[in-house]
Amino acid sequence: MYSVNNWFALITVWTAMAIEFSGILHICYIVQRSVGWMAGQPIESREPPKNIYQNLFFYGRCAMSLALLCLSFAVTFVAIFERKTTVWESVPPVASVVIFFLLMGCIGILEGSQIAYFAVVKMQKSEQGQDGSMGYFAKKSARILFSNNNHNLAAFLVGRQLCVVSCMFFIARITAVKLEPDDDNIFGVPDWMQSIFNTGLLGAVIVAVVASVSWRLLASAFPIVFFKNPLAYVFLRLCLILEMTGILHGAWVIAFVIKKVTGVKRDEFYIGTAEERAAESMEDDNGRAAGHLIAALDVGDNPPIQSFDGMDDEEDTQDPDAEAGCPTNAFPIDCSK
């Protein structure tokens, strides 16, 4: 709760909304709607219908975004095949293009998986597929992610970030434009425009649209499809292995320090304990009965379970206090009352 109830969060939202308003990434909305239409599940907005001027403004920005994406691909491909990028000399242009798209696909799966996991973690346990009702990979993913107070979800985020950054490093080498002193400008553009190409901005546009935002929008509309996808499960395992290497374990320390310095508290402090909500006949936003509050993830006091191979076939066990709806790891309470 504290993470959204401060000026930093508000300013971040304003900044993100301003970038979205610019329309640079609006082609992602067309991708989302097209996939929904092809899947037979059209995306329905909860906003009131747009008038003609609003539609013109919206689709005009979509057209502008598409034109910018096409320009970005054209410049990047010309630079790759004319060997005007920072990629290693030993890598042929065709291989660079193949690696480029493979790495963008990896980032896309990781981006979509993150959105899907945060959507599924808010569901009731019976809806998470841990009983195998949504398939083998959904069952395996749920039992790995949502054990130990969802701590493995936090571990996935750490490993995911390392994986994404690694992919970004290689993509930057492939797409960054670099001209030698005697090279002609790409498409014969003026020097000022070529200087924009040299910044790597066009490669960033491609990655943002094709490898990130489009997948996030799709996952927000179809989270279960991502959740039970076998490729998502493979990357889940990979990210947990990367987290286990300890390369980014400093993130746990920083998170712990921030938690202590800022004095952030769990949701029970802001919305009441399970008993208080039960007494007031409250029910959370997901339709879960009072007394069954489940935090999205825990970055704090207990280390994540690093051995998860043996948990898949174990019988589900719960603490008696947890059965009664007691948040045992937050505020000790007497459940016998």
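Note that the structure is predicted; figures quoted are calculated from it, not measured.

Overview of the pattern of salt bridges
Line of reasoning, step 1. With the rule as written, the count across this model stands at four salt bridges.
Line of reasoning, step 2. Between E47 and K50 there is a salt bridge whose closest N-O contact spans 3.7 Å.
Line of reasoning, step 3. Two residues, E111 and R216, come together in a salt bridge whose shortest N-O distance is 2.6 Å. Highlighted residues: E111 in helix α4 (residues 93–120) and R216 in helix α8 (residues 201–221), separated in sequence by 105 residues.
Line of reasoning, step 4. Of the residues examined, E111 reaches a relative accessible area of 5% and is grouped as buried.
Line of reasoning, step 5. One continuous salt-bridge network, built from bridges that share partners, spans E111, R160 and R216.

Looking at the packing of aromatic side chains
Line of reasoning, step 1. With the rule as written, the count across this model stands at 15 aromatic pairs.
Line of reasoning, step 2. Their ring planes at 75° and their centres at 5.3 Å tell us that F169 and F170 sit as a pair that is edge-to-face.
Line of reasoning, step 3. Residue F169 is classed as partly exposed on the basis of its relative accessible area, which comes to 46%.
Line of reasoning, step 4. Chaining the aromatic ring pairs together yields one cluster made of F73, F77, F100 and F101.

Topic: helix α1 (residues 7–22)
Line of reasoning, step 1. The end-to-end C-alpha distance of α1 is 23 Å, a good match for the 22 Å that 16 residues give at a rise of 1.5 Å each.
Line of reasoning, step 2. At the exit of α1 stands G23, carrying a positive phi of roughly 85°.

Observations regarding empty space enclosed by the protein
Line of reasoning, step 1. Under the definition given, this model contains one cavity of 30 Å³ or more.
Line of reasoning, step 2. Roughly 40 Å³ of internal volume is contained in the largest cavity.
Line of reasoning, step 3. The wall of the largest cavity is formed by V75, T76, T175, V177, F197, G200, L202 and G203.
Line of reasoning, step 4. Only α3 (52–81) and α8 provide two or more residues apiece to the lining of the largest cavity.
Line of reasoning, step 5. Taken together, the residues that form the lining of the largest cavity break down as four nonpolar, four polar and no charged.

Reading guide: rules and limits
- Residues numbered from 1 in each chain as written.
- Predicted model: local features only at pLDDT ≥ 70, side-chain atom pairs only at ≥ 80, totals over all residues.
- Heavy atoms only, no water.
- Salt bridge = Lys/Arg side-chain N within 4 Å of Asp/Glu carboxyl O.
- Helix = DSSP H or I, 4+ residues; strand = E, 2+ residues; numbered from the N terminus.
- Buried < 20%, exposed > 50% of the residue type's maximum accessible area, 1.4 Å probe, protein only.
- Phe/Tyr/Trp six-rings, centres within 6.5 Å; stacked < 30°, edge-to-face > 60°.
- Expected span 1.5 Å × (residues − 1).
- 1 Å grid on protein atoms, 1.4 Å probe; cavity = no way out; pocket = protein on both sides within 12 Å on 5 of 7 lines; lining within 4 Å.
- Points joined across faces, edges and corners; volume = space filled by probe spheres on them.
- Nonpolar A, V, L, I, M, F, W, Y, C, P; charged D, E, K, R; others polar.

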